[in-house]
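Listed below are the residues making up each chain.
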There are 2 protein chains.
Amino acid sequence: MKVIRTVADMGEEALAIIRSSKSYGFVPTMGALHEGHVSLIRRAANENDIVAVSIFVNPTQFNENDDFEKYPRNIEADLALAEEAGADIVFNPEPEDMFSDKRDTLVMPNKLTNHLCGLSRGKGHFIGVCTVVSKLFNIIRPEKAYFGQKDAQQALIIQRMVHDLNFPVKIEICPIIREDDGLALSSRNVRIPENMRHEALSLSRALTHGKALIEDGATNAPEVINAMCEKVIEAGDVEIDYIDIVSTETLEDVAEIDDLVLLAGAIKVGGVRLIDNMLAAPAGK
Amino acid sequence: MKVIRTVADMGEEALAIIRSSKSYGFVPTMGALHEGHVSLIRRAANENDIVAVSIFVNPTQFNENDDFEKYPRNIEADLALAEEAGADIVFNPEPEDMFSDKRDTLVMPNKLTNHLCGLSRGKGHFIGVCTVVSKLFNIIRPEKAYFGQKDAQQALIIQRMVHDLNFPVKIEICPIIREDDGLALSSRNVRIPENMRHEALSLSRALTHGKALIEDGATNAPEVINAMCEKVIEAGDVEIDYIDIVSTETLEDVAEIDDLVLLAGAIKVGGVRLIDNMLAAPAGK
């Protein structure tokens, strides 16, 4: 496995791969790799001759109150996991090679940001995501890129961006990986206080509950949202950021559930922000 | 010469060209080709094995009061000129293949838009330019792209965008082509009323005058700007949009001229907006 540390070297490597006509997949990450990332890299390795993984904690997608500094970093463990999962290249640039004060062109997603994490983390979060993913696509130049359904809004916004700006990249969305008790894997999970596991699990329990209600015939979205919020609240010391039921295409709030919907939530447990989501459809849909 | 009419076909062609390892240049245009465009295509043909020219009047870079509908179109003449100048491919997509109501991701240049045409045409103009050029780069995937110094601010903003977003494209800026009497070539020139040639020429005369003043030792920018404005005003029925002296790097106003500067102006003559610019430096710089 090659480890590439500069934008210039990665650009040369990318051109050589395209010219080789080998199939070429890409998994963008912020490091702190876990089984969720590993599942993306494995799938990319199954589907492509060459797999590039980027490890870059993007400062522009964190806001001031956010957890950029606290974001876990462990490059040695990441390299071992990436190689084991089938990566051929890890692109791990220095921050100053990716961003500088003089850079100010931004890629701005639009309507899809006015919901869920776009509201709670601020519009700048997804501008930061779209800008860095555009940069990575232009540097790495893959045919396919793999994103996790865990960040459902991000995946949808990236798909829209690729469509709108005609990036020559196919986006593949891969399922959420969970621990046995249901907790969605996240790099942030290592920061959950040990004695707050019950609280952390309240989100996946709430989403599972909401999904069951919908499959059992509930159609009133505010009522299902209330039932989900109750599940979280009864867990005790949990701060709800949002719990919502939205359209899978527009992310707009759904009032009456008569088709596939996205149940999505964000909570804070012991100062750690956790997100999760599930798809649900009425019986027969 | 191939004429390609769909985004999908152009994408396939682009990948084949990259894989052929041939050198590959691109000249984006809005059609209504004149000797200025021809000079870009000729230079691209001299420097590359394959030259693609796009002809697409981008609706998103015109504002409501702007001249999108009046923008001249003549595809048959354009194809003949492009072929004669050495183009191998003309990409001429339908508007609905490039844009639709559902597309809303934008590429947003930042500080460089707060000057010159960014003020007079509105910030949306350069968002429209950057978004469509990003799309064209992603569809056509050239190694080099050729822009005219005539649109000096556009060229600078595109260079910044390519740098900031790491597009794998080298930007080449080519000199302004002028008629014998000094008028900078523009697709809009065909719309200048015949009896207003004198007025139209006032801008290049003013810039030439300002450049001479600077080369002769003038260092006070507001005084030079005034002298240039007088040259335009004395031509008679001309509306000045702006006449300015700015930094060639930041486009910020210069007060004291002690290095290379950009003299730039925009005027309206008979309802037609004309722009022009010249570089000037004090003697010895």
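Note that the coordinates shown come from a computational prediction; the quantities given were computed from them, not determined experimentally.

Enquirer: Quick question: what am I supposed to make of the relation of the copies chain A and chain B here?
Expert: Each of the two chain copies can be brought onto the other by rotation about an axis and movement along it. Under the fitted operation, chain A is carried onto chain B by 0.0 Å of movement along the axis and a turn of 180°, and the coordinates agree to an RMSD of 0.0 Å. On this basis, the relationship between the two copies can be described by a two-fold rotation axis. The share of interface residues of chain A whose copies in chain B are also at the interface is 100%, consistent with both copies meeting through the same surface.

Enquirer: I would appreciate a short explanation of the interface of chain A and chain B in the present structure.
Expert: Put simply, an interface is often sized by how much accessible area is lost when its parts join up. The partner chain B presents 30 residues to the 30 residues of chain A that form the contact. For the pair chain A and chain B, the summed buried area comes to about 3,100 Å², and 48% of that belongs to carbon and sulfur atoms. Three residues stand out in chain A for area buried against chain B, namely Arg19(A), Asp104(A) and Thr105(A), and they jointly supply 20% of the buried area on that side. The interface formed by chain A and chain B holds four salt bridges in total. Notably, a salt bridge pairs Arg19(A) with Glu143(B), separated by 3.7 Å at the nearest N-O pair. If you look at where chain A meets chain B, you find 18 residue pairs in polar contact (both at pLDDT 80 or more). Secondary structure elements with two or more residues in the side of chain A that touches chain B: helix H1 (7-20), strand S5 (106-108), helix H6 (123-140) and helix H7 (152-165) of chain A. In terms of residue class, the side of chain A that touches chain B is made up of 12 nonpolar, eight polar and 10 charged. Of the pairings in the sheet, the one linking S5(A) to strand S5 (residues 106-108) of chain B comprises three bridges and is antiparallel in character. If you follow Met108(A) over to S5(B), its bridge partner there is Leu106(B).

Enquirer: Quick question: what am I supposed to make of the pattern of salt bridges here?
Expert: If charged atoms from side chains of opposite charge come close, those side chains can pair. For the structure on display, the rule yields 30 salt bridges over all chains. The salt bridge partner of Lys211(A) is Glu215(A), with a shortest N-O separation of 3.5 Å. With Lys211(A) and Glu215(A) both in helix H9 (residues 202-215) and four residues apart, the pair spans about one turn of that helix. Relative accessible area serves as the criterion here: at 37%, Glu215(A) is assigned to the partly exposed category. Across the pair Glu172(B) and Lys144(B) runs a salt bridge whose closest N-O atoms are separated by 4.0 Å. Here the residue Glu172(B) occupies a position in strand S7 (residues 170-174), and Lys144(B) occupies one in strand S6 (residues 144-148), the gap between them amounting to 28 residues.

Enquirer: Just to check I follow, could you spell out the packing of aromatic side chains for this structure?
Expert: Each aromatic ring pair is specified by the distance between its two centres and by the angle formed by the two planes. Summed over the entire model, instances satisfying the criterion amount to 10 aromatic pairs over all chains. Plain terms: the ring middles of Phe56(B) and Phe99(B) are 6.2 Å apart, the flat faces sit at 25° to each other, and that makes the pair stacked. A residue pair is termed long-range when its members are at least 10 positions apart, and Phe56(B) in the loop between strand S3 (50-55) and helix H3 (75-85) and Phe99(B) in the loop between helix H4 (95-98) and S5 qualify at 43 residues. Here Phe99(B) falls in the buried class, since its relative accessible area comes to 16%. Among the aromatic residues, those joined into a cluster by ring pairs are Phe26(A), Phe137(A) and Phe167(A).

Enquirer: Where do I start with the environment of Val272(B) in this structure?
Expert: Residue and element names in this part refer to chain B. Tracing the sequence through the fold places valine 272 in strand S10 (residues 272-280). A relative accessible area of 2% places valine 272 in the buried class. A C-alpha to C-alpha distance of 23 Å links valine 272 and histidine 209, two positions 63 residues apart in sequence. Apart from residues no more than four positions distant in its own chain, valine 272 is found in contact with Arg188, Arg191, Ile192 and Ile267.

Enquirer: Just checking my understanding: could you explain unusual backbone geometry for this structure?
Expert: Most of the time, phi is negative for any residue but glycine, and the peptide bond is trans. Non-glycine residue Ser21(A) carries a positive phi angle of around 60°. With respect to the element layout, Ser21(A) can be found in the loop between H1 and strand S2 (24-29). According to the relative accessible area criterion, Ser21(A) is partly exposed, its value standing at 42%. Notably, Leu116(B) is not glycine yet its phi reads approximately 45°, a positive angle. Along the chain, Leu116(B) turns up in helix H5 (residues 116-120).

Enquirer: Hey, could you run me through the sheet that holds strand S9 (residues 261-269) of chain A in this one?
Expert: Picture the strands of a sheet paired through backbone hydrogen bonds; they go either parallel or antiparallel. Residues and elements named next belong to chain A. Taking strand neighbours across the sheet as the criterion, the three strands line up as S8-S9-S10 in an open arrangement whose pairing is antiparallel. A strand with exactly one partner marks an edge of an open sheet, and here the two such strands are strand S8 (239-247) and strand S10 (272-280). Pairwise comparison of adjacent strand axes, ignoring direction, gives a mean angle of 10° for this sheet. As judged from the eight bridges shared by S8 and S9, these two strands associate in the antiparallel manner. Paired with isoleucine 240 across the bridge in S9 is isoleucine 267. Helix-sheet contacts for H9 involve S8, S9 and S10, and the interaxial angle to S10 is about 20°.

The rules we used
- Residues numbered from 1 in each chain as written.
- Chains lettered and ligands numbered in written order.
- Predicted model: local features only at pLDDT ≥ 70, side-chain atom pairs only at ≥ 80, totals over all residues.
- Heavy atoms only, no water.
- Least-squares fit on C-alpha atoms with pLDDT ≥ 70 in both.
- Contact = heavy atoms within 4.5 Å.
- Buried area = accessible area lost by both parts, 1.4 Å probe.
- Salt bridge = Lys/Arg side-chain N within 4 Å of Asp/Glu carboxyl O.
- Polar contact = N/O pair within 3.5 Å; in protein donor to acceptor, adjacent residues only side chain to side chain.
- Helix = DSSP H or I, 4+ residues; strand = E, 2+ residues; numbered from the N terminus.
- Nonpolar A, V, L, I, M, F, W, Y, C, P; charged D, E, K, R; others polar.
- Pairing = 2+ DSSP bridges.
- Buried < 20%, exposed > 50% of the residue type's maximum accessible area, 1.4 Å probe, protein only.
- Phe/Tyr/Trp six-rings, centres within 6.5 Å; stacked < 30°, edge-to-face > 60°.
- Axes fitted to C-alpha atoms, helices over the stretch in contact; angles between N-to-C directions.

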